[in-house]
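Below, each chain spelled out in residue letters.
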Amino acid sequence: MNHEDANGGLDLNSPPPPPPQPVGIYGWRKRCLYAFVLALMIVVIMNLALTVWILRILRFSLDGMGHLKIKPSGIQVKAEAEFLKTVYVDELKSEGSPLFLESTKSVHLLTTDRSRTIRSRLVLDQENITASCDTFRVVDSNGTVNLLLSSQKVILGNGDATVPGDIKFNGAVFTPTIQSPLNSSLEISSENSKVHITAIGGVSLSSTLANVTLQTDDNIYIQSGALHLIGNELYLLGIPTVDATTSLPVKPTTAPPTVYQLCVCENGKAFLGNASGNCRASSEICSDSTKP
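Residues numbered from 1 in each chain as written. Predicted model: local features only at pLDDT ≥ 70, side-chain atom pairs only at ≥ 80, totals over all residues. Heavy atoms only, no water.

The name given to the protein chain in an unreviewed UniProt entry is Zeta-sarcoglycan, and the organism recorded there is Biomphalaria pfeifferi. The record in UniProt for the protein chain states the following under Sequence similarities (unreviewed entry): "Belongs to the sarcoglycan beta/delta/gamma/zeta family." (UniProt positions renumbered as here; feature names shortened; annotations may be inferred.)

Draft legend 1. Spatial organisation of helix H1 (residues 28-58). Spanning 31 residues, H1 covers 45 Å between terminal C-alpha atoms, matching the ideal 45 Å at 1.5 Å per step. Following H1 by one or two positions, Arg59 has its phi on the positive side, about 55°. (Helix = DSSP H or I, 4+ residues; strand = E, 2+ residues; numbered from the N terminus. Expected span 1.5 Å × (residues − 1).)

Draft legend 2. Molecular detail of the pairing of strand E5 (residues 118-124). Of the pairings in the sheet, the one linking strand E4 (residues 107-112) to E5 comprises six bridges and is antiparallel in character. Looking at the pairing, Thr111 lines up with Ser120 of E5. Counted along the chain from E4 to the antiparallel partner E5, the turn is five residues long, and its residue Arg116 has a positive phi close to 65°. Pairing of E5 with strand E6 (residues 129-132) involves four bridges; the strand directions are antiparallel. Pairing of Val123 across the sheet is with Thr130, part of E6. Counted between consecutive antiparallel strands, the loop separating E5 from E6 contains four residues. (Pairing = 2+ DSSP bridges.)

Draft legend 3. Looking closely at the environment of Ile178. Along the chain, Ile178 turns up in the loop between strand E9 (154-155) and strand E10 (261-264). When the C-alpha positions of Ile178 and Asp160 are compared, they lie 9.6 Å apart, and in sequence the two are 18 residues distant. Setting aside anything within four residues of it in sequence, one finds Ile178 in contact with Leu186 and Ile188. (Contact = heavy atoms within 4.5 Å.)

Draft legend 4. The arrangement of the sheet that holds strand E7 (residues 135-139) in detail. Taken in spatial order, the three strands make up an open sheet running E7-E8-E9, and their pairing is antiparallel. On the outer flanks of this sheet lie E7 and E9, each paired with one strand and no other.

Draft legend 5. Looking closely at the sheet that holds strand E3 (residues 74-77). Strand order in this open sheet of three strands is E1-E2-E3, and the pairing throughout is antiparallel. Each having just a single partner strand, strand E1 (64-65) and E3 make up the two edges of the open sheet. Bridge count for strand E2 (residues 68-71) against E3 is four bridges, and the pairing is antiparallel. Bridge pairing in E3 places Lys71 opposite Gly74.

Draft legend 6. View of the state of the cysteines. Under the definition given, this model contains two disulfides. Linked covalently through their sulfurs, Cys263 and Cys279 form a disulfide whose S-S length is 1.9 Å. Looking down the S-S bond of the Cys263 and Cys279 bridge, the torsion is -70°, so its handedness is left-handed. Of this pair, Cys263 sits in strand E10 while Cys279 is found in the segment after strand E11 (270-273), placing the two residues 16 residues apart along the sequence. Relative accessible area serves as the criterion here: at 2%, Cys263 is assigned to the buried category. Classification of Cys279 by relative accessible area gives partly exposed; the value is 39%. Covalently, Cys265 is tied to Cys286 through a disulfide, its sulfur atoms 1.9 Å apart. Because the sign of the S-S torsion sets the handedness, a value of about -70° for the bond joining Cys265 and Cys286 places this disulfide among the left-handed ones. Placement of the pair is Cys265 in the loop between E10 and E11 and Cys286 in the segment after E11, with a sequence separation of 21 residues. (Disulfide = S-S within 2.5 Å. Buried < 20%, exposed > 50% of the residue type's maximum accessible area, 1.4 Å probe, protein only.)

Next comes the structure, spelled out in structure tokens:
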């Protein structure tokens, strides 16, 4: 190729111009770029494949993930669920199958107020079940209270309550019937106080197989409008006797005690008569108006 000089002529001695440089990446750079793009495509395809595999394994859907379904009313779990932290729920229930709560240490059920103060607590550990609340109720399917515990009273439902061993009460007990188990004795005692048994409609002490015993180290007082002792035989044991033919020494300053004789009417009514003479009674004394 000929070159022109500054005057417009040809300069045969000037060196030829350098060849034009090609546009783009060539050689080893091009091969490295293709290799990088190929590796990136492989990584992207593997990520997409792993993502699809994870979605299929966990069964992601528009309703939830696997056994976990998200509904307008809450979250539904159709299998076992493990919670690593505290769970706050308004309602926890199971439909069609039992509900199991399991823990390797203990289960705590708490209720709090708006200030986060604990109002009631139920703790299930490996040895005990502890309930902390103001009032504890146990109701049946009909809503009837079978057990009620509070600081003021204890109610054992409307039916029969069986206690296999001894039971102690610090306060009053209101019950229509107290009955011992079969072939066992019923004992009601007070260690250092009194036992009061009262009822508006009456008090009945009965035993169908054995005796009824009232035992005390002091006196027994029975106060009633009329006392009826009904039985085939009546025994008064341990009564002191006095020989009327023998005169007893009397202190000069002490008046002799007044004595009476015990008389019994034909209907079983007892009354006191004069110490001397025969027992005599009028129709009013032996009247059957007080007969049960």
